[in-house]
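Residues per chain, in single letters:
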Amino acid sequence: MRKPLLVSCLASCMLLILTARAYSQTYYVALGDSLAAGYQPLPGGGSEIHHGYAEDLAPKVNMTLVNLGCPGETSATMINGGECNTYTSGSQLGDAEAFLAANAGKVGLVTIDIGVNDVLSCVTNGSINASCLVQKEAQVETNLQNILTAMRNAGGSNLKIIAMNYYDPFLAEWLNGTSGQLEAVATVAAVEEFNAAEAGIYLLNAAPVADVANAFQTLNVTPVLYNGQLVPKDVVEICQNTWMCSLNNIHANDAGYQLIANTIYPLTQ
């Protein structure tokens, strides 16, 4: 006689548990460019997205991923739209603001990487246009401040925002002889300068920066054996963690994206 009652109680308990889980769902919102979107080229041709550090990080933080990243996004198009046509509001920032406002108290984490596409046009065949870089950096700093202010306004002052800096894919030029080695050295200095400029804005807005550049050993020139020759450690890291040395593509591979996720994760705790 008690069995139906027991079954009824179990069913009610399960319903309460599922309801509680639904109300306690926490979101992780990934914002930014192709790295945030998880872009990867395919060895046989073509490409894919949503196979990157955000997808690696989400299970680590036990949150539901909302990935708004857009391949090719600049700091300007993030605000104004024009790069990806998937946004209801017309821009990545607009959709992010709407989601943050609609889910107040339910967003446990936001990650962001943006700005590198603004300055890529200043690099041609490994050669850097210094005046272009200065101009673009200033634009990125202004846009980045506006982006972070909008996010804080929409998500609240306690919103956890974690940024990341960039590795230097052009270190792969080191493998192309003496001229390539000179270009590789020059790009490291440029990447360091750009990362420092962005870090200043992020830190002013209480957004800690995951040191991806350091995780990729960007300044480690210790010679190591690679494909039968001695190569600086930072060059080897680029070859092993990106598609640059195999497909001449700047994006991270599976190992690289996992490394980025592992670098961000401690800052989430």
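Before any of the text, the structure's been laid out above.
Residues numbered from 1 in each chain as written. Predicted model: local features only at pLDDT ≥ 70, side-chain atom pairs only at ≥ 80, totals over all residues. Heavy atoms only, no water.

Asks: Kindly report on the state of the cysteines, identifying the contributing residues and their values.
Replies: Considering all chains together, one arrives at 3 disulfides under this definition. The disulfide partner of cysteine 70 is cysteine 84, and the S-S distance across this bridge is 1.9 Å. Across the S-S bond of cysteine 70 and cysteine 84 the torsion is about 95 degrees, and the bridge reads as right-handed. Of this pair, cysteine 70 sits in the loop between β4 (64-67) and α4 (75-80) while cysteine 84 is found in the loop between α4 and α5 (92-102), placing the two residues 14 residues apart along the sequence. The same class applies to cysteine 70 and to cysteine 84, which are both buried. What pairs with cysteine 122 in a disulfide is cysteine 132, and their sulfur atoms sit 2.0 Å apart. When the S-S torsion is -70 degrees, as for the bridge of cysteine 122 with cysteine 132, the disulfide is left-handed. Taken together, the residues cysteine 122 in the loop between α6 (116-119) and β6 (123-124) and cysteine 132 in helix α7 (residues 130-155) connect sequence positions 10 residues apart. Under the relative-accessibility criterion, cysteine 122 is labelled buried at 1%. (Disulfide = S-S within 2.5 Å. Helix = DSSP H or I, 4+ residues; strand = E, 2+ residues; numbered from the N terminus. Buried < 20%, exposed > 50% of the residue type's maximum accessible area, 1.4 Å probe, protein only.)

Asks: Give a detailed account of the sheet that holds strand β5 (residues 107-113), specifying residues and quantitative values.
Replies: In any sheet, the strands associate via hydrogen bonds between backbone groups, in a parallel or an antiparallel arrangement. Ordered by their spatial adjacency, 5 strands build an open sheet running β4-β1-β5-β8-β9, and the pairing between neighbours is parallel. What marks the edges here is a single partner per strand, and that holds for β4 and β9 (209-210). As defined by bridge partners, strand β1 (residues 27-32) adjoins β5 across 6 bridges and the pair is classed as parallel. The residue of β5 that forms the bridge with alanine 30 is threonine 111. Against the sheet, α7 engages β1, β5 and β8 (161-164), with an angle of about 170 degrees to β5. (Pairing = 2+ DSSP bridges. Contact = heavy atoms within 4.5 Å. Axes fitted to C-alpha atoms, helices over the stretch in contact; angles between N-to-C directions.)

Asks: Explain empty space enclosed by the protein residue by residue, including any values.
Replies: All told, the structure shown has 1 cavity of 30 Å³ or more when counted by the stated rule. Put simply, the largest cavity is a space of about 290 Å³. Forming the boundary of the largest cavity are 20 residues, of which Val116, Leu120, Pro169, Phe170 and Val191 lie nearest the centre. Counting only elements with at least two residues in the lining of the largest cavity, the list comes to α2 (34-37), α6 and α8 (177-204). Of all the elements, α8 adds the most residues to the lining of the largest cavity, at 4 residues. Classifying every residue of the lining of the largest cavity gives 15 nonpolar, 4 polar and 1 charged. (1 Å grid on protein atoms, 1.4 Å probe; cavity = no way out; pocket = protein on both sides within 12 Å on 5 of 7 lines; lining within 4 Å. Points joined across faces, edges and corners; volume = space filled by probe spheres on them. Nonpolar A, V, L, I, M, F, W, Y, C, P; charged D, E, K, R; others polar.)

Asks: I'd like to hear about the layout of surface pockets, residue by residue, with values.
Replies: The calculated volume of the largest pocket comes to roughly 180 Å³. Lining the largest pocket we find 13 residues, and of these Glu192, Asp211, Ala213, Asn214 and Leu219 sit closest to its centre. Where the lining of the largest pocket is concerned, the elements lending two or more residues are α8 and α9 (212-215). Broken down by element, the lining of the largest pocket gets its largest block of residues, 6 residues, from α8. Residues that form the lining of the largest pocket fall into these classes: 6 nonpolar, 5 polar and 2 charged.

On their own, these measurements won't tell you what the molecule is for.
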